[in-house]
Each structure stands twice: as C-alpha cells, then as structure tokens.
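Topology and contacts: notes
Chain by chain, the residues:
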Amino acid sequence: MIPALRLEGVSFSYGTVPVLANVSFSIASGERVALLGRNGAGKSTLVRLIAGLQWPDQGIVWVGDWDTRDCVPEQLAWRVATVFQHADQQLFATSVRDDVSFGPRALGVGEREVQRRTESATIGVDRALRARVTRALLERSAASVALLVITHDLTFAAETLDRGLVLDRGTLACDEPLPSLLGDATRLEPLGLAPPPVAALSTALDLPGRPVREAEAARELARVARGRLAP
C-alpha cells in the first residue's frame with residue numbers, strides 16, 4: 001500500500017545555508033506522528049516541502065503517488081492540509097467570521113452550508129478547546145488521514161500522537177514510538193527536548209515507555225505508588 005507521505009533522501013538549503021540533510025521517512029494513512037526538535041532544526045521547512053511551497057534540492061517528497069516537484073501548491077492542497085504556527089500568517093479578512101467562511105466558500109460549498117460550518121467553528125486553545133483539538137485529530141486519524149504535527153508541547157504529543165520524528169540540525173535523529181522516546185530523558189536532553197511531567201514521573205518509577213496517555217499513566221502511577229507504599 002502506498003504511504004500517505006514519503007520522503008526519500010531529502011535535502012534543502014536556503015542559498016548556502018543547509019537546513020535539511022538526507023531526511024527519509026514514511027507515514028501511513030491513519031498514523032499520528034509528532035515532528036519534534038529545537039527551534040531551527042528544520043521542522044517548518046520540512047512542512048513547506050510537503051505542502052509544495054518549496055522543492056527539495058535533492059531527494060523526493062511523495063504525497064501518496066504524487067511527486068511534489070510535479071505539482072503546484074493549489075493541487076497539493078487537495079491532499080495536504082496545513083495549519084501554520086502563527087495566526088497572523090493565515091488570517092486575512094476583517095473579521096474572524098469572514099476568515100473562517102472563506103475556505104468552504106472558496107471550495108464552492110453552498111452558502112447555507114458555509115454559514116453552518118462557520119457557526120460551528122471555534123477559535124482559541126484553552127483547556128476545553130485543546131481537548132477539542134485532540135478529538136478532531138483522533139477523528140481524522142480514524143478516517144485514515146495521516147497526521148504530522150509540529151509541537152513543543154510534549155504532554156500534548158504524549159496524549160494525542162503515537163510516533164515521534166525528531167529533527168536535529170536538519171537530520172532525522174529519531175524515528176520511534178513516542179512512549180519509549182518520551183520516557184528517556186537522557187536521550188531527549190541533547191535534542192533540546194524535556195520529557196512531559198507524566199513521562200518523567202513514570203521513568204522515576206521504573207515505567208519507561210508507558211506514558212502514552214496522561215490518564216492511563218496517572219492510573220498506573222497511582223497503582224504502583226500504592227504497591228510501593230504498602231507495608
């Protein structure tokens with residue numbers, strides 16, 4: 001089966017400044033993957049290559065069976081949906097309502113449906129809405145959408161995603177399940193990452209590799225603590 005996304009030996013530079021070097025990985029439909037790394041590691045550039053906003057200097061970016069070098073961004077947008085890091089890079093209308101309604105209207109959705117979708121949309125990421133974002137990602141994964149999420153919030157990553165790709169100075173330093181990665185502080189520190197609190201506690205209690213979901217890990221921690229405190 002063709003992966004939803006595949007990078008083969010991808011390298012990229014801005015002029016004489018190298019940003020990515022020989023990066024290779026693939027993501028299957030339905031996979032939930034965190035793209036991690038310190039600032040300047042090449043994460044945003046990698047997403048720009050996937051969206052067709054840049055082309056690799058070497059190697060190939062495949063979106064399904066499409067080589068991004070043969071596609072314009074408008075074409076790739078039918079397969080690649082990108083949410084930018086900074087809101088001011090993607091908000092352009094004079095009101096939030098107009099901005100939210102632009103996407104479905106540009107796709108030719110009927111006006112009544114545009115209004116319905118606009119009314120149902122929410123902005124902001126407080127605790128309740130963060131949970132809503134998590135549910136939305138899980139729903140898309142269940143519908144066989146491949147997810148690649150750039151985040152510095154490793155607690156969110158542990159709660160929502162299953163696999164971690166870590167870029168370090170433009171190279172792919174790690175590609176493995178998140179539980180084992182987030183439970184190993186000695187490996188994370190040189191990569192500019194710190195384990196989430198639950199992962200750190202789990203490691204201290206000799207439970208490396210288990211903190212995938214905060215609630216599950218908390219229950220496990222409580223169970224182990226009860227056992228260790230028992231006379």
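Everything here concerns the structure above.
Cut-off values and rules
Residues numbered from 1 in each chain as written. Predicted model: local features only at pLDDT ≥ 70, side-chain atom pairs only at ≥ 80, totals over all residues. Heavy atoms only, no water. Helix = DSSP H or I, 4+ residues; strand = E, 2+ residues; numbered from the N terminus. Buried < 20%, exposed > 50% of the residue type's maximum accessible area, 1.4 Å probe, protein only. Contact = heavy atoms within 4.5 Å. Salt bridge = Lys/Arg side-chain N within 4 Å of Asp/Glu carboxyl O. Pairing = 2+ DSSP bridges. Axes fitted to C-alpha atoms, helices over the stretch in contact; angles between N-to-C directions. Core = buried A, V, L, I, M, F, W, Y, C linked by side-chain atoms within 4.5 Å.

1. Let's talk about the overall build of the chain
Summing up its helical and strand segments, the chain has ten helices and eight strands in all. Across the 231 residues of the chain, 37% fall into the buried class. Sequence separation of 24 or more characterises 54% of the internal contacts of the chain that already satisfy a separation of 6 or more.

2. Observations regarding helix α3 (residues 96-106)
Taken together, the buried positions of α3 are Asp99, Ser101 and Pro104. Those residues of α3 that are buried are in contact with α4 (111-120).

3. Points about unusual backbone geometry
A positive phi angle is found at asparagine 22, which is not glycine, with a value near 55°. For asparagine 22, the position within the fold is in strand β2 (residues 17-27). Unlike most non-glycine residues, arginine 169 shows phi in positive territory, near 55°.

4. Things to note about the pattern of salt bridges
According to the stated counting rule, one finds twelve salt bridges in the structure shown. A salt bridge links arginine 32 to aspartate 162, with the shortest nitrogen-to-oxygen separation between them at 2.7 Å. One end of the pair, arginine 32, is in strand β3 (residues 32-36); the other, aspartate 162, is in the loop between α6 (154-160) and β7 (163-168), and 130 residues separate them in sequence. On the basis of relative accessible area, arginine 32 is assigned to the buried category, the value being 14%.

5. As for the sheet that holds strand β1 (residues 5-14)
Spatially, the four strands line up as an open sheet ordered β2-β1-β4-β5, and their pairing is antiparallel. Of all the strands in the sheet, just β2 and β5 (66-67) have a single pairing partner and so form its edges. With seven bridges joining them, β1 and β2 adopt antiparallel strand pairing. Within β2, the position partnered with valine 10 by the bridge is valine 23. Packed onto the sheet, helix α1 (residues 43-50) meets β1, β2 and β4 (58-63) and runs at close to 120° relative to β1.

6. With respect to the nonpolar core
Nonpolar side chains tend toward joint burial in soluble globular proteins. Among the nonpolar cores identified, the biggest contains 24 residues, and Leu5, Leu7, Leu20, Phe25, Leu46 and Ile50 are the most heavily contacted of them. Only β1, β2, β3, α1, β4 and β7 provide two or more residues apiece to this core. Not counting the four nearest positions on each side in its chain, leucine 46 is found in contact with Leu7, Leu20, Val23, Phe25, Leu35, Leu148 and Leu167. Membership of the second largest hydrophobic core comes to 18 residues, among which are Leu137, Leu147, Ala157 and Leu178.

7. Focus on α1
For α1, the tally of buried residues reaches six of eight residues, placing the bulk of the element in the interior. Inspection of α1 places Lys43, Thr45, Leu46, Val47, Leu49 and Ile50 among the buried residues, and these make up the whole buried set. Following α1 by one or two positions, glycine 52 adopts a phi angle in the positive range, close to 80°.

8. A few points about the sheet that holds β7
The four strands lie next to each other as β6-β3-β7-β8, forming an open sheet whose pairing is mixed. The sheet is open, and its two borders are formed by β6 (147-150) and β8 (171-177), each paired with just one other strand. Adjacent strand axes in the sheet meet at a mean angle of 20° when their direction is disregarded. With four bridges connecting them, β3 and β6 associate as parallel partners. By the bridge assignment for β6, arginine 32 is matched with leucine 147. In this fold α1 packs onto β3, β6 and β7, with an angle of close to 150° to the strand it touches most, β6.

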